[in-house]
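Structure assessment
Here's the letter readout for the chains.
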Amino acid sequence: MTAYLYQLCNAALGFIFIVFAIGALGYLIGGIKIKGIELGTAGVLLIALLYGVLINFYPHFSIGASNGGGTITLWSDSVKNNFGIVSKIGTALFVTAVGLIAGPKFFRSFNRSTLSYIILGVLIIAIGAGTAILFVLLDKNMSSSMAVGLLTGGLTSTPGFSAGKEVIGVIEDDVTAGYGIAYLYGVLGVVLFVQLVPKILKVNMAEEVAHFQAANQIQIPQPEKALTAIDPFGFFAFFFAVALGCLIGAIKIPVINFSLGNSGGCLIGGLIVGHFAHLGGIDCRIKKETLNFMRELGLVLFLIGAGVPGGVNFISKFKWIYFIYGAVMTTVPMIVGYIIARYVFKLSILNNLGSITGGMTSTPALGTLIATAGTDEVSSAYAATYPFALVSIVLAAKIVIMVL
């Protein structure tokens, strides 16, 4: 009986089961509305973080080892690597889908607003980095490594997090712990922001979407010759865009040891394939339904893969003051960026919030904004801002550690 119970628990607590159980519970929690506000897909992150916190206390447990049972491992380096793979696959699916959605109009819509997006992407990260430096100078007990962890967690930037760990002399545990401490608010703060701002301003979303679409009407040229579709769902084109993106992301600039990584590379790959829409005589146009599905699937996998390790790291060096520092590093750049986008660059509410999600490198917030606006066309502002914010956060992570 003990052996059977052990086998049953071991199967029930297997990795695949856990991933999908977190997803199911997360969507259940995310669907709860309070005064019109809901977590949506970010509910998956909440459950993933909670699971990570719990297994931090119980990484192993035994069931009648002397009677045919054994030890079930819930957390180890190999399990951590599995969640890392889930996170990377999710990121690739999500940002590639965003690139493919924005691609047909992205390169054809460069105008003065594009410069606004570039400035916002750099400025938001610069404000966050300045805040991190200020806290290190004020709090002599906090290391620059912890500050970088809090900064990259507050801006939900995995590439920045990785860059911080690569710097010679960095305390990797501090970076990891800081990232875990700030990550929860980093995600939920921006997710709630893009929902609350339209409600506070009493925005008529239907009118805003109509104005947004009218202002962004672009004639997309149709292919001059008949193209051959490889498969009915467009998987060939999608996988090709991911593969191309990974190659682009692997290119390194030796002097500063910088690369776009899979996230930035897949976004560029999606934009390129979405723009040209064909590879020779092969049709690379993908149905909107397929792209929406891939985007949502990628988002939930990313949240599970990043959320569970984040929950584990959350406990290791948690201090309330660090949580507050991380929250400030999220809130200040977000609000200042919004004010500048509205009053200096005169961006519409949808372009404004789209650029904020890109500048904050917030994948979940973009998903929430799309759901709030009811159109995925807002991803164009995200796509225009994100690459510059990505480059800036990677450089900022290295500069903060090297300077301090």
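Everything here concerns the structure above.
Residues numbered from 1 in each chain as written. Predicted model: local features only at pLDDT ≥ 70, side-chain atom pairs only at ≥ 80, totals over all residues. Heavy atoms only, no water.

Overview of the pattern of salt bridges
Put simply, the rule is: Salt bridges are counted wherever a side-chain nitrogen of Lys or Arg sits within 4 Å of a carboxyl oxygen of Asp or Glu. In this scheme, a residue with accessible area under 20% of its type's maximum is buried, one over 50% is exposed, and one in between is partly exposed, where area comes from a 1.4 Å probe on protein chains only.
Summed over the entire model, instances satisfying the criterion amount to one salt bridge. For Asp283, the salt bridge identified is with Arg285, shortest N-O distance 3.0 Å. A residue is classified by how much of its surface remains accessible, and Asp283, at 16% relative accessible area, is buried. Given the relative accessible area of 43%, Arg285 is considered partly exposed.

Thoughts on the nonpolar core
What counts is decided by this rule: Within this scheme, the nonpolar core is defined by two criteria: the residues are buried Ala, Val, Leu, Ile, Met, Phe, Trp, Tyr or Cys, and they are joined through side-chain atoms within 4.5 Å. Only heavy atoms enter the contact rule, under which two residues are in contact if any of them lie within 4.5 Å.
In this structure, Ile22, Met142, Leu150 and Phe238 are the most contacted members of the largest nonpolar core, which totals 114 residues. Excluding residues that lie within four positions of it along the chain, Met142 makes contacts with Phe135, Val136, Ala147, Leu150, Tyr322 and Tyr325.

Quick look at the side chain of Thr96
Just so we agree on the cut-off: For helices the rule is a DSSP run of H or I covering at least 4 residues; for strands it is a run of E covering at least 2, with both sets numbered from the N terminus onward.
Its location among the elements puts Thr96 in helix H4 (residues 77-106). Contacts of Thr96, omitting those with residues within four sequence positions, involve Phe238, Ala241, Val242, Cys266 and Gly270.

Observations concerning the packing of helix H6 (residues 144-154) against helix H13 (residues 320-343)
Relative placement of two packed helices is described by the angle separating their axes and the distance separating the axes. In plain terms, the rule: To obtain an axis, a line is fitted to C-alpha atoms, over the contacting stretch when the element is a helix, and the angle between two such axes runs from 0 to 180 degrees between their N-to-C directions. Working rule for angles: under 35 degrees goes down as roughly parallel, over 145 as roughly antiparallel, 65 to 115 as roughly perpendicular, anything else as oblique. Put simply, a crossing is left-handed when the front helix is turned counterclockwise from the back one by less than a right angle, and right-handed when it is turned clockwise. Think of it as three bins: nonpolar holds Ala, Val, Leu, Ile, Met, Phe, Trp, Tyr, Cys and Pro, charged holds Asp, Glu, Lys and Arg, and polar takes everything else, Gly as well.
Between H6 and H13, whose axes approach to 8 Å, the crossing angle comes to 50 degrees. By the angle between their directions, the pair H6 and H13 is classed as oblique. The element H6 and its partner H13 pack so that their crossing is right-handed. Seen from H6, the contacting residues are Met146, Ala147, Leu150, Leu151 and Gly154; seen from H13, they are Tyr322, Tyr325, Gly326, Met329 and Thr330. Split by residue class, the contact of H6 with H13 holds seven nonpolar, three polar and no charged.

Observations regarding the packing of aromatic side chains
Operational definition: Only Phe, Tyr and Trp rings are paired, with Trp represented by its six-membered ring, and only when their centres lie within 6.5 Å; those with planes under 30 degrees apart are stacked, over 60 edge-to-face, the remainder tilted.
Scanning the model with the defined rule gives twelve aromatic pairs in all. Note on Phe135 and Tyr325: the rings are 4.3 Å apart at their centroids and 25 degrees apart in plane angle, and the pair reads as stacked. Residue Phe135 is found in helix H5 (residues 112-138), and its partner Tyr325 is found in helix H13; the two are separated by 190 residues along the sequence. Take Phe135 and Tyr325: they sit in the same class, and that class is buried. On the numbers, 5.9 Å between centres and 85 degrees between planes, the contact of Phe193 with Tyr338 is edge-to-face. One end of the pair, Phe193, is in helix H8 (residues 172-200); the other, Tyr338, is in helix H13, and 145 residues separate them in sequence. Among the aromatic side chains, those forming a connected cluster through ring pairs are Tyr185, Phe318, Trp320 and Phe323.

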